[in-house]
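Residue-level listing of the chains:
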Amino acid sequence: MPEIIPHPTAPLPAREHLETLVADILAEARTQGATAAEAAVSFNSALSVTVRLGEVETLEHHRQRGLGVTVYFGHSRGSASTADWRPEAIRDTVQSACAIARHTAADPYAGLADPDRLAREIPDLDLYHPWPLIAEDAIILARECEAAALAFDPRIRNSEGGSIATQTGLVLYGNSHGFCGGYPTSRHSLSCSVIAQDETGMQRNHWYTVARHRNDLETPVAVGQQAAQRALRRLGSRRLSTRQVPVLFAPELARGLIGHFIAAIRGGALYRKASFLLDRLGTPVFPEFVTICERPHLRQGLASAPFDSEGVATADRDIVNGGVLQGYVLDSYSARRLGMATTGNAGGTHNLIVEPGPLGHEELLRQMDTGLWVTELLGHGVNTVTGDYSRGASGFWVENGAIQHPVHEITIAGNLNAMFQHLAAVGNDVDLRGGIRCGSLLLERMTVAGE
Amino acid sequence: MTTDTLMLARQHLLAPAGLGEADLHSALSCLLGHAIDSGDLYFQQRRAESWGLEDQQVKSASHAIQQGVGVRAISGEKTGFAYSDEIVMPALLEAATAARAIARQSGEGQLRVWRTPQRPALYPPLDPLETLTAEAKVQLLERLDVEARHQDPRVTQVMVSLAAVQDIFLVAGSDGTLAGDVRPLVRLNVSVIVEQDGRREQGSSGGGGRVGYGWFLDEDRALKYAREAVRLALVNLDAAPAPAGTMTVVLGPGWPGILLHEAIGHGLEGDFNRKGTSAFTGRIGERVASPLCTVVDDGTLAHRRGSLNIDDEGTPTQCTTLIERGVLKGYLQDQLNARLMKMAPTGNGRRESYAHLPLPRMTNTYMMAGEHDPADIIASVERGLYAVNFGGGQVDITSGKFVFSASEAYLIENGHVTRPVKGATLIGNGPDVLTQVSMVGHDLQLDAGVGTCGKDGQSVPVGVGQPTLKIEALTVGGTQA
């Protein structure tokens with residue numbers, strides 16, 4: 001008889017229990033002499049299944065706890081973490097943090113977020129929609145997804161599998177200013193990776209869908225078919241000769257370019273002067289048609305958060321408006337270093353939205369006319385200090401707005417500063433699957449290195 | 001020696017929970033009683049610390065403890081997995097119950113008598129966190145800041161990080177494996193920003209291994225990292241745009257061996273080859289490199305970052321020949337893939353932690369020395385690129401395409417190294433690139449102990465190495481077309 005696990009993912013602990021833990025940690029820090037302290041307690045639970053060639057390959061149950069504390073003795077600080085929630089472990093962890101704080105130098109910028117910036121009301125952003133998925137059903141969905149890919153075309157000859165994962169979590173953050181907040185979240189995903197093969201060789205590709213609510217996932221069949229199509233279209237890839245051409249980044253890669261922009265306007269990069277976008281506040285960084293905003297309170301958003309990882313209330317804002325840089329990405333520490341105010345970005349950004357332009361994918365290909373449509377990138381050749389960019393790529397060669405053939409084993413290179421300044425268009429084909437929502441990006445010119 | 005480390009692992013992992021061998025037996029029986037061919041329990045405790053300097057002061061540091069037990073059940077090609085961050089019997093049994101749900105029919109699993117692999121230790125079972133006092137750690141970092149700033153007035157920022165991990169684990173398998181290890185690992189990195197006429201560049205250098213912190217003080221290693229970071233940054237201040245296109249590339253010795261890790265190593269991991277998804281699938285015995293190339297993966301080098309006494313399944317590590325004089329010889333195996341491919345495990349079953357499943361992974365991957373003088377190799381190139389330092393790399397296993405990114409490179413013109421050029425990504429095809437190797441230096445070097453390899457979301461420390469290599473044609477991704 002098949003065995004069924006009644007509770008696929010372990011239930012979240014009671015919120016009150018975690019609140020008590022946070023209070024205990026902060027009390028322990030005070031007992032040990034800390035002048036201020038902050039603590040986070042987390043619990044995550046997940047079920048993931050991979051089915052390969054119709055058979056279950058892995059069935060994984062994840063359940064992880066965490067506890068982290070930072071103590072301040074005046075302006076000296078120390079941090080420690082553990083997965084152990086017992087009282088003696090809390091005592092030892094606080095002790096470790098305090099021992100470190102005795103040896104670190106006083107840093108006048110270190111400290112908790114300013115009390116008046118802490119979130120007072122915590123809006124419900126609708127981030128928790130657990131999926132009571134039992135393993136048997138997870139297997140059926142993963143199998144269905146992979147089967148759709150395998151059946152799509154006889155050239156889909158092999159597979160790395162269809163996978164499904166469902167995850168829930170609860171994080172509570174508190175500090176000695178009296179703030180304590182937390183909320184449960186859920187995240188579900190379905191993915192498929194298959195291999196197409198013909199006389200020209202093998203090509204792999206994948207597709208995935210992710211959402212807070214299971215109803216917002218693409219269907220298993222859609223994910224499988226998309227993975228198959230994407231693998232098939234790579235068959236017969238050729239190289240290109242070295243040339244300078246316009247480059248169209250597919251939406252799932254365009255997000256990465258915006259990520260490099262964000263990395264360069266992060267507080268840490270700025271106060272270290274380790275950014276190619278120093279002193280650019282109030283100046284054009286992109287062409288006039290570019291607007292990038294942050295919307296932390298989108299209901300069910302994948303990067304939504306009512307407050308950041310130091311309790312600071314998040315709020316809507318423009319980061320780029322009319323191409324001009326309006327604000328940096330700061331936490332309290334980097335803000336103080338720069339003589340500015342935190343932007344509520346401790347722990348990262350919360351739903352960045354690049355305002356879509358009027359054109360879709362096909363129209364952008366026509367606007368590009370002749371150039372490279374990049375659909376995959378390889379490697380990490382991005383230098384945030386200089387903006388120098390050089391990465392492996394594959395995609396399609398385009399002439400007169402029409403795809404000619406797939407290409408691979410080439411690189412694309414440029415400098416991010418110039419690439420951003422010479423952005424030619426933002427597409428309306430927005431990819432919603434992450435914390436950065438962006439359509440295709442068309443760049444005027446990059447160097448392609450090949451044969 | 002492994003018996004001693006097993007004893008230490010028991011003291012740390014089992015004794016506090018009051019667990020004994022009988023409990024391991026009953027947990028494994030709980031797994032096997034339910035239709036499972038084999039299974040294992042992986043108990044782990046990891047203590048880690050890191051210290052960071054910037055603005056000439058050590059202003060942040062942290063300490064972390066992670067522990068738990070992972071339970072794996074295997075039935076044919078199926079793997080069931082669950083874990084708990086509490087090492088107590090009820091949690092262990094609960095995890096075993098969850099993991100065994102993978103099987104539907106009754107299995108053949110049978111518990112064997114315990115056996116512990118024996119081998120001489122490659123590193124001492126020390127706690128590296130305790131090998132320097134906190135004061136001495138702070139002093140070391142401050143000294144490196146002074147050393148870096150002392151090198152050149154153009155240095156505007158110095159960031160130093162010092163980190164140590166003590167990883168203690170015990171694995172009990174239904175095949176009777178009962179093994180444990182205590183793995184120390186330290187890492188030091190110096191990163192600087194230099195500025196001249198409004199132009200900024202960075203440089204970083206570091207190293208580490210399975211040693212105590214004292215190793216950084218020996219032979220002035222730490223001070224050398226500080227000097228090297230500044231040298232690299234200054235070289236890049238003078239760098240011209242890199243060339244674009246296919247050309248002759250000479251790779252320096254040591255860390256450029258990341259070429260082998262990406263182009264060859266990953267494609268020879270057992271899981272990809274069992275599934276037939278690697279560009280190297282079914283090519284054992286074929287020529288995939290010039291006869292000058294012999295490449296190995298060696299987990300048995302004393303004190304190296306990528307070395308292991310035993311892998312995370314309890315298999316002793318070994319030196320596995322991947323390519324011998326140009327011919328593909330073997331794969332890297334964990335137990336599951338070795339069994340399914342009817343091959344022997346090679347001691348490459350590694351996992352990031354108890355919360356991850358083991359996978360076939362590399363240890364220290366390097367090419368054997370050749371006969372050429374490195375100076376002659378450079379002199380033989382009319383026009384090309386000399387790349388001596390690299391950042392990271394990546395590979396598409398199935399198509400075989402791989403990249404690795406140079407962070408220090410020079411033009412070679414008429415047999416001489418001339419101007420420095422900016423960093424650029426190099427791209428090639430794994431099964432072809434080593435066929436283009438025309439000269440191999442006699443200067444084999446291993447890297448300084450900085451590598452971390454990511455696969456399926458799991459990070460593990462690795463090493464690479466190689467002698468100076470001449471590759472007749474490789475694509476350089478610069479901007480100067």
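Bear in mind the structure is a predicted one, so any value in this text is a computation, not a measurement.

1. Describing the nonpolar core
If you look at the biggest cluster of nonpolar residues, it comprises 63 residues, and the most contacted ones within it are Leu24, Phe43, Leu92 and Leu170 of chain B. With residues near it in sequence (within four places) discarded, Leu92 of chain B still touches Leu19, Ala27, Leu41, Phe43, Val69 and Val71 of chain B.

2. So, the domain arrangement of chain A
Residue and element names in this part refer to chain A. When its domains are assigned, chain A resolves into domain 1 (15–232) and domain 2 (237–451). Put simply, the middle of domain 1 and the middle of domain 2, counted by C-alpha atoms, are 25 Å apart. Roughly 2,700 Å² is buried in total at the junction of domain 1 and domain 2, and carbon and sulfur atoms are behind 50% of that figure. The largest share of the area that domain 1 buries against domain 2 comes from Tyr109, Arg117 and Leu125, three residues that together contribute 26% of it. Our count for the domain 1 to domain 2 interface comes out at three salt bridges.

3. Some details on the interface of chain B and chain A
The partner chain A presents 72 residues to the 77 residues of chain B that form the contact. Between the two partners, chain B and chain A, sit twelve salt bridges. Counting every contact that joins chain B to chain A gives 35 residue pairs in polar contact (both at pLDDT 80 or more). Among the elements that take part in the side of chain B that touches chain A, strand E2 (residues 57–75) of chain B stands out by supplying ten residues, more than any other. In this sheet, E2 of chain B lies alongside strand E3 (residues 76–82) of chain A in parallel orientation, the contact comprising three bridges. Across the sheet, residue Ala80 of chain A finds its bridge partner in E2 of chain B, namely His63 of chain B.

4. Considerations on the pattern of salt bridges
Across all of its chains, the model carries 53 salt bridges over all chains by this definition. Its salt-bridge partner being Arg234 of chain A, residue Asp396 of chain B comes within 3.2 Å of it at the nearest N-O pair. In this pair, Asp396 of chain B sits in the loop between strand E14 (383–395) and strand E15 (401–413) while Arg234 of chain A sits in the loop between helix H4 (220–232) and strand E7 (243–249), so the two residues belong to two different chains. Each member of the pair Asp396 of chain B and Arg234 of chain A is classed as buried. Where salt bridges share partners, they join Glu160, Arg204, Arg234 and Glu376 of chain A together with Asp396 of chain B into one cluster.

5. Considerations on the pairing of E15 of chain B
Residues and elements named next belong to chain B. The buried count for E15 comes to eleven of 13 residues, which makes it a mostly enclosed element. Both E14 and E15 contribute to a ladder of ten bridges, which runs antiparallel. Note that in E15 the partner of Gln394 across the bridge is Val403. Two successive antiparallel strands, E14 and E15, enclose a turn made up of five residues, where Gly400 displays a positive phi of approximately 85°. Strand direction decides the pairing type here: E15 and strand E17 (residues 424–429), joined by six bridges, are antiparallel. Note that in E17 the partner of Phe404 across the bridge is Leu426.

Parameters and conventions
Residues numbered from 1 in each chain as written. Chains lettered and ligands numbered in written order. Predicted model: local features only at pLDDT ≥ 70, side-chain atom pairs only at ≥ 80, totals over all residues. Heavy atoms only, no water. Core = buried A, V, L, I, M, F, W, Y, C linked by side-chain atoms within 4.5 Å. Buried < 20%, exposed > 50% of the residue type's maximum accessible area, 1.4 Å probe, protein only. Contact = heavy atoms within 4.5 Å. Domains from an automatic or database assignment. Buried area = accessible area lost by both parts, 1.4 Å probe. Salt bridge = Lys/Arg side-chain N within 4 Å of Asp/Glu carboxyl O. Polar contact = N/O pair within 3.5 Å; in protein donor to acceptor, adjacent residues only side chain to side chain. Helix = DSSP H or I, 4+ residues; strand = E, 2+ residues; numbered from the N terminus. Pairing = 2+ DSSP bridges.

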